[in-house]
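One-letter residues, chain by chain:
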Amino acid sequence: MQRTALITGATSGIGLAISEKLASEGYKLIITGRRTEKLDALKLKLESEYSLDIHTLNFDIRNKQEVDNAIDSLPAEFATIDILVNNAGLAAGLSTIDTGNIDDWEQMIDTNIKGLLYITRKVSPAMVKRKSGHIINIGSTAGKEVYLNGNVYCGTKHAVNAISQSMRIDMLPHGIKVTQIKPGLVDTEFSLVRFKGDTEKAKTPYQDIVPLYGPDIAEAVSFVLSRPASVNINDLEITCTAQANSFYVHREK
Ligand code: NDP
Ligand code: 8X3
C-alpha cells in the first residue's frame, strides 16, 4: 500500500534529497518549509517526474499555531501520515558562550527542539490510534560530541538525541518505529545559513574533503523505511570517509 510521508525542511539540502528519493520510490508526500516558491517548484518537478500527488504545507515550525493549522488543513487523501521525517533545523552562528548572539540561540532552540516537538505532538496521536507509524529524527554528530563554539547548536542536537531515545520508549507499546539519523558534514545550505550568507566562510567545513551530500542521507532514510515491520533501525551515524567524528577530519591539501 502507498504510504504517506511528511518531510519537514524539504526546500533544501537533506530534506529536499529525502523528498526526491521517496518520490522516486512512489511514496505520497507532504513537503514543508517556509519558502513557498521552493516548495512549489519541488512539487511541480516531482509530480511531473513521477506522476505523484504532492501536497505542500508552508509554515514556520517555530510557531505552534501555524504547525497545528497546517496539519489540520490537510485534505482527506493526505491526512493519514505514516512517516514523519523531522528534518527542519539549522545552526546559527559559531561563537563562544560569552559572546553568542541570543537571537541565534532562540532560533536554534525554537526550531531544532521546540519545532520538532510541536509537529511530533500534533502528528503522533493519530499514529498511536492506528498503532502504526515511523518517526525519523535528523540528529547530528553534534548530538554525540560537542565542539568548540558549537555550544547551543550541539545542545539542541543532544536534545534531539535524548528526545529520540525517550520517544522510542513512549511509542514502544504502539508499534511505532523511531529512528534517529546522525549525519556528519553534509554540504547543503546549512553552512551558508550558519554563517549568514558569507559564502567564503560557508565553504570552510567542506574544504579539502569529499563531504556527504543530501542524497547520501536520503539513501539511509530509504533503507530505514524499507526494513520489515519487525525490524527498526534505532540509530544511524553517517559521516563522509574523511571524517571520524566531530573533531577528526582528514583534509587532503
Ligand atoms: P539546509 O539549510 O539546506 O535545510 C534546512 C531546512 O530546514 C530548509 O528546508 C529550511 O526551509 C528548513 N527550516 C529551517 N528553519 C525552519 C523553520 N523555522 N520552519 C520551517 N522550516 C525550517 O540544511 P540541511 O539540509 O543540512 O539541514 C537539515 C537538517 O539536518 C537540520 O536539522 C540540520 O541540523 C541537520 N544536519 C545537517 C548537517 C549538515 O552538515 N548539513 C549534519 C547533521 C545534521 P525554509 O528555509 O524554506 O523554511
Ligand atoms: C551539522 C554537522 O559538524 O557542523 O550538524 O555540527 S556539524
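Structure: above.
Since this is a predicted model, take the numbers as computed values, not measurements.

Student: What's the story with the nonpolar core in this structure? I'm lost.
Tutor: Across soluble globular proteins, nonpolar side chains show a tendency to be buried alongside one another. Judged by nonpolar contacts, the single largest core of 35 residues is most densely connected at Ile-18, Leu-22, Leu-29, Ile-136 and Ile-181. Looking at this core, the elements that each hand over two or more residues are strand 1 (4-7), helix 1 (13-24), strand 2 (28-33), helix 2 (36-50), strand 4 (83-86), strand 5 (134-138) and helix 8 (214-225). Ranked by size, the runner-up nonpolar core spans 23 residues in total, among them Ile-30, Leu-84, Met-167 and Met-171.

Student: Would you take a moment to explain the site of ligand 1 for this structure?
Tutor: The local shell around ligand 1 holds 30 residues, among which Thr-11, Ser-12, Arg-34, Tyr-153 and Thr-188 are the closest. In this structure, an oxygen atom belonging to ligand 1 sits 3.0 Å away from a main-chain N or O atom of Gly-9. In the model, an oxygen atom of ligand 1 is placed 2.7 Å from a nitrogen or oxygen of the Tyr-153 side chain. Assessed atom by atom at 2 Å from the grid points, ligand 1 resides in the largest pocket. Mapped by element, the contributors of at least two residues to the shell around ligand 1 are helix 1, helix 5 (151-171) and helix 6 (190-194). In terms of residue class, the shell around ligand 1 is made up of 12 nonpolar, 12 polar and six charged.

Student: Explain the environment of Val-160 here, please?
Tutor: Mapped onto the secondary structure, Val-160 falls in helix 5. Spatially, the C-alpha atoms of Val-160 and Ile-30 are 22 Å apart, while their sequence positions differ by 130 residues. Val-160 has contacts with Asn-112, Leu-116, Asn-137, Ile-138, Gly-139 and Gln-180, leaving out every residue within four places of it along the chain.

Student: It is not clear to me how the packing of aromatic side chains should be interpreted in this structure. Could you clarify?
Tutor: The relative placement of two aromatic rings is captured by the distance of their centres and the angle of their planes. For the coordinates displayed, the defined rule picks out one aromatic pair. It is Lys-28 that lies over the ring of Phe-78; its NZ or CZ is 5.3 Å from the centre. Its end group placed over the ring of Tyr-153, Arg-194 keeps NZ or CZ at 5.3 Å from the ring centre.

Student: In this structure, what is going on with unusual backbone geometry? I would like to understand it.
Tutor: Not every positive phi belongs to a glycine, and Ser-51 is a case in point at roughly 35 degrees. Mapped onto the fold, Ser-51 is located in the loop between helix 2 and strand 3 (54-58). A relative accessible area of 70% means that Ser-51 is categorised as exposed. Phi is positive for Lys-196, which is not a glycine, with a value near 50 degrees. In this fold, Lys-196 is placed in the loop between helix 6 and helix 7 (199-203).

Student: Even after reading the chapter, I still don't get the pattern of salt bridges, so can you show me in this structure?
Tutor: When their charged atoms lie close together, side chains carrying opposite charge are able to pair. Per the stated rule, a full pass over the model turns up 16 salt bridges. Its salt-bridge partner being Glu-49, residue Lys-45 comes within 3.5 Å of it at the nearest N-O pair. Residue Lys-45 and its partner Glu-49 are located together in helix 2, separated by four residues, close to a single helical turn. Exposure remark for Glu-49: the relative accessible area of 45% places this residue in the partly exposed category. Notably, a salt bridge pairs Lys-64 with Asp-68, separated by 2.7 Å at the nearest N-O pair. Of this pair, Lys-64 and Asp-68 are both found in helix 3 (residues 64-72), four residues apart, which corresponds to roughly one turn of the helix. Note on Lys-64: relative accessible area 44%, which makes it partly exposed. On the basis of relative accessibility, which here comes to 12%, the residue Asp-68 falls in the buried class. Through salt bridges that share partners, Glu-20, Lys-45 and Glu-49 make up one connected network.

Criteria and cut-off values
Residues numbered from 1 in each chain as written. Chains lettered and ligands numbered in written order. Predicted model: local features only at pLDDT ≥ 70, side-chain atom pairs only at ≥ 80, totals over all residues. Heavy atoms only, no water. Core = buried A, V, L, I, M, F, W, Y, C linked by side-chain atoms within 4.5 Å. Buried < 20%, exposed > 50% of the residue type's maximum accessible area, 1.4 Å probe, protein only. Helix = DSSP H or I, 4+ residues; strand = E, 2+ residues; numbered from the N terminus. Near = heavy atom within 4 Å. Polar contact = N/O pair within 3.5 Å; in protein donor to acceptor, adjacent residues only side chain to side chain. 1 Å grid on protein atoms, 1.4 Å probe; cavity = no way out; pocket = protein on both sides within 12 Å on 5 of 7 lines; lining within 4 Å. Sits in = over half its atoms within 2 Å of the grid points. Nonpolar A, V, L, I, M, F, W, Y, C, P; charged D, E, K, R; others polar. Contact = heavy atoms within 4.5 Å. Phe/Tyr/Trp six-rings, centres within 6.5 Å; stacked < 30°, edge-to-face > 60°. Lys NZ or Arg CZ within 6 Å of the ring centre and 35° of its normal. Salt bridge = Lys/Arg side-chain N within 4 Å of Asp/Glu carboxyl O.

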